[in-house]
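Breakdown of the fold
Listed below, chain by chain, are the residues.
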Amino acid sequence: MAAAPPPKADELQPHPPKEQLASVSFCITSPPPWPEAIILGFQHFIVMLGTTVIIPSALVPQMGGGNDEKARVIQTLLFVAGINTLFQTFFGSRLPVVMGGSYTFVAPTISIILAGRYNNEADPREKFLRTMRGTQGALIIASTIQMILGFSGLWRNVVRLLSPLSAVPLISLVGFGLYELGFPGVAKCVEIGLPELILLVAFSQYLPQVLHFGKPIFGRFGVLFTVSIVWLYAYILTISGAYKNAPPKTQVHCRVDRSGLISGAPWIRVPYPFQWGAPTFDAGEAFAMMMTSFIALVETTGAFIAASRYASATMIPPSIISRGIGWQGISILIDSFFGTANGTSVSVENVGLLALTHVGSRRVVQISAGFMIFFAILGKFGALFASIPLPIFAGMYCIFFAYVGACGLSFLQFCNLNSFRTKFILGFAFFMGISVPQYFNEYTAVAGYGPVHTGARWFNDMINVPFSSKPFVAGLVAYFLDNTIETHNNTVRKDRGYHWWDKFRSFKKDARSEEFYSLPFNLNKFFPAV
């Protein structure tokens, strides 16, 4: 077959690949002016509240806790998230990422809640305390896997084999894989969730076109504008009696006074380690939680790469990802000490907010960590913001998770999309990443337990939980196929985009790595990255 003739000078050409995003207003090392940075930091705090409230609201009642316990767990989770975010941005990956609660840890926590040894406890308060201590013990053991893999450099060696092609399904499903938290959450109170979604699109995408003088304002602070408007609208609906005769579920999702957080939260309280008592340990639960910790590690790797892209940094070196994972392990250990009933991972919605605002500044996220700690200590004020109806957050998630998913797709610019090998790996990984978890989740919804159902609950969790994670399955399939099919062919190496990341596989190969990822206080001398 004859080769295509060379293009003429005036013919259309494909867009050239870019190692860094050029349209970011403030990159990782260039903070906005202080007043703007503080407002943007508060916006990150508002965005992370959704997950911080949803997870304890789902778990604490099953554990036997009431509104008081729920408010205290949310307060603790918020406090610890602030500490962990500061550790990650100062000493971990150095990326502008918020470290908050993780949905990945919900399934094994529910498994601990349903363990037989807690069923004979008649007192709900005592059952809550015993379950919380069991969760703390499992998380203490689970944190070790991330610390070992991260700080030993073992995870660095795994990530070095990652190419743009195998990264695409992983990163994309870190965002797109959370679709069930988007519009289904909006639909739980559509008269509140849908206005938030529509207004946020209008403020961030259309108003800057119409009102040129307000382009940076509406684009960067759209979340604060829209949440304020829709929250006020929800308040008016509540006090006007719009939900007076509505079903209880509708009232919980739509009303602004049904969370029970403000009444349950103390005015001032500083969470402290082992506030629920001494942790208890169970070998089976620890194994299940360790597997969950590994899944969170894989998902966080994808989120780190997305955050580096939206912060206009270069591709994050494997050694820096490994260091960040090690510090995430420390974060999970801190979670277990304080008793959050949950583990930590990168907040995907906050990575999406980096894209929406075009601000990837590290300082902004560190300021948001200050807000987390401040409002966690001032319980009543923190609970006021945490009582924002959850469909408002779901409306925002539709945009934030989409941004993260689109970031994964953007790495296709480094791959040859005309290669059948590329098409197979890409399509098969995406399809299996969606299809396999769908099977596991459907089976669980119908039967009440996963496809793997033995007498050992911990073993069931070790198999069912990983294969219910969309980014884990997609990333695993893509990584395996990409590193085993025709890997010695130089043409294939270019097709998969591997050569584009060669300069970033070692910290010292590209001078920009020092600018974006080096440790503060000259600590690189004592903890060198390789």
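Going by the structure above, here's the rest.
Here we summarise the structure given alongside this text. Keep in mind that this is a model prediction, so the values were computed, not measured. (Residues numbered from 1 in each chain as written. Predicted model: local features only at pLDDT ≥ 70, side-chain atom pairs only at ≥ 80, totals over all residues. Heavy atoms only, no water.)

**Here we look at the overall build of the protein**
Formally: Per the convention used, a helix needs a DSSP run of H or I reaching at least four residues, while a strand needs a run of E reaching at least two, with both numbered from the N terminus. All radius of gyration figures rest on C-alpha atoms, and the globule criterion is 2.2 Å times the number of residues raised to 0.38. Exposure is judged per residue with a 1.4 Å probe applied to protein chains only, and the accessible area is read against the type maximum: over 50% gives exposed, under 20% gives buried, and values in between give partly exposed. Only heavy atoms enter the contact rule, under which two residues are in contact if any of them lie within 4.5 Å.
A tally of helices and strands in the protein yields 23 helices and two strands. Against the compact-globule benchmark of 24 Å for 530 residues, the protein has a radius of gyration of 23 Å, which places it among compact chains. Its C-alpha atoms give the protein principal-axis dimensions of about 80 × 60 × 50 Å. Burial status across the protein gives 57% buried among its 530 residues. Nonlocal contacts in the protein, meaning residues at least 24 apart in sequence, comprise 84% of its contacts between residues at least 6 apart.

**Some points on the environment of tyrosine 449**
Along the chain, tyrosine 449 falls in the loop between α19 (420–447) and α20 (457–464). For tyrosine 449, a relative accessible area of 34% puts it in the partly exposed group. For the pair tyrosine 449 and phenylalanine 221, spaced 228 residues apart in the sequence, the C-alpha separation amounts to 43 Å. When near neighbours in sequence (up to four residues on either side) are disregarded, tyrosine 449 contacts Tyr443 and Thr444.

**Things to note about the state of the cysteines**
The condition is simple: Working definition: a disulfide is two cysteine sulfur atoms within 2.5 Å of each other.
One pass over the full model with this rule turns up one disulfide. Shown here is the disulfide that connects cysteine 189 with cysteine 254, its sulfur atoms set 2.1 Å apart. When the S-S torsion is 125°, as for the bridge of cysteine 189 with cysteine 254, the disulfide is right-handed. Of this pair, cysteine 189 sits in the loop between α7 (183–186) and α8 (190–210) while cysteine 254 sits in helix α11 (residues 248–254), placing them 65 residues apart in sequence.

**Let's talk about unusual backbone geometry**
Unlike most non-glycine residues, arginine 94 shows phi in positive territory, near 70°. Mapped onto the elements of the fold, arginine 94 is located in the loop between α2 (67–91) and β1 (99–101). Arginine 94 gets classed as buried once you look at its relative accessible area, which sits at 8%. In this structure, phenylalanine 274 takes a positive phi of about 55° despite not being glycine. Following the sequence through the fold, phenylalanine 274 ends up in the loop between α12 (261–264) and α13 (283–310).

**Focus on the pattern of salt bridges**
Condition: Only one rule defines a salt bridge in this text: a Lys or Arg side-chain nitrogen within 4 Å of an Asp or Glu carboxyl oxygen.
One pass over the full model with this rule turns up 14 salt bridges. Across the salt bridge formed by aspartate 510 and arginine 512, the nearest N and O atoms sit 2.9 Å from each other. The exposure class of aspartate 510 is buried, given its relative accessible area of 9%. Overall, the relative accessible area of 24% leaves arginine 512 in the partly exposed class.

**Looking at the packing of aromatic side chains**
Here is the rule we go by: A pair of Phe, Tyr and Trp rings is counted when the ring centres sit within 6.5 Å of each other, with Trp represented by its six-membered ring. The angle between the planes then sorts it: under 30 degrees is stacked, over 60 is edge-to-face, the rest tilted. Charge-over-ring placement is defined geometrically: NZ (Lys) or CZ (Arg) within 6 Å of the ring centre, and within 35 degrees of the ring normal.
With the rule as written, the count across this model stands at 38 aromatic pairs. Taking the centre distance of 6.1 Å and the plane angle of 80° together, the rings of tyrosine 310 and tyrosine 403 count as edge-to-face. With a gap of 93 residues between them, tyrosine 310 in helix α13 and tyrosine 403 in helix α18 (residues 390–410) connect regions that are remote in the sequence. We classify tyrosine 310 as buried; its relative accessible area is 10%. Consider the rings of phenylalanine 375 and phenylalanine 385, whose centres lie 5.2 Å apart with planes at 75°: the pair is edge-to-face. With phenylalanine 375 in helix α16 (residues 362–377) and phenylalanine 385 in helix α17 (residues 379–386), this residue pair connects regions lying 10 residues apart in the sequence. The burial state of phenylalanine 375 is the same as that of phenylalanine 385; both residues are buried. One aromatic cluster is present, formed by Phe42, Phe45, Trp231, Phe371, Phe374, Phe375 and Phe385 through successive ring pairs. Lysine 380 extends its terminal NZ or CZ atom over the ring of tryptophan 267, reaching a point 5.8 Å from the ring centre.

**Some points on the side chain of serine 387**
Using the following cut-off: Think of a polar contact as two N or O atoms within 3.5 Å of one another; within protein, one of them needs to be a possible hydrogen donor and the other a possible acceptor, and neighboring residues in sequence only count if both atoms come from side chains.
Within the secondary structure layout, serine 387 lies in the loop between α17 and α18. On the accessibility criterion, serine 387 (5% relative accessible area) is buried. A polar side-chain atom of serine 387 sits 2.6 Å from the main-chain carbonyl oxygen of leucine 384. In this structure, serine 387 is in contact with Trp231, Val256, Ser259, Leu261 and Ile262, ignoring residues within four places of it in sequence.

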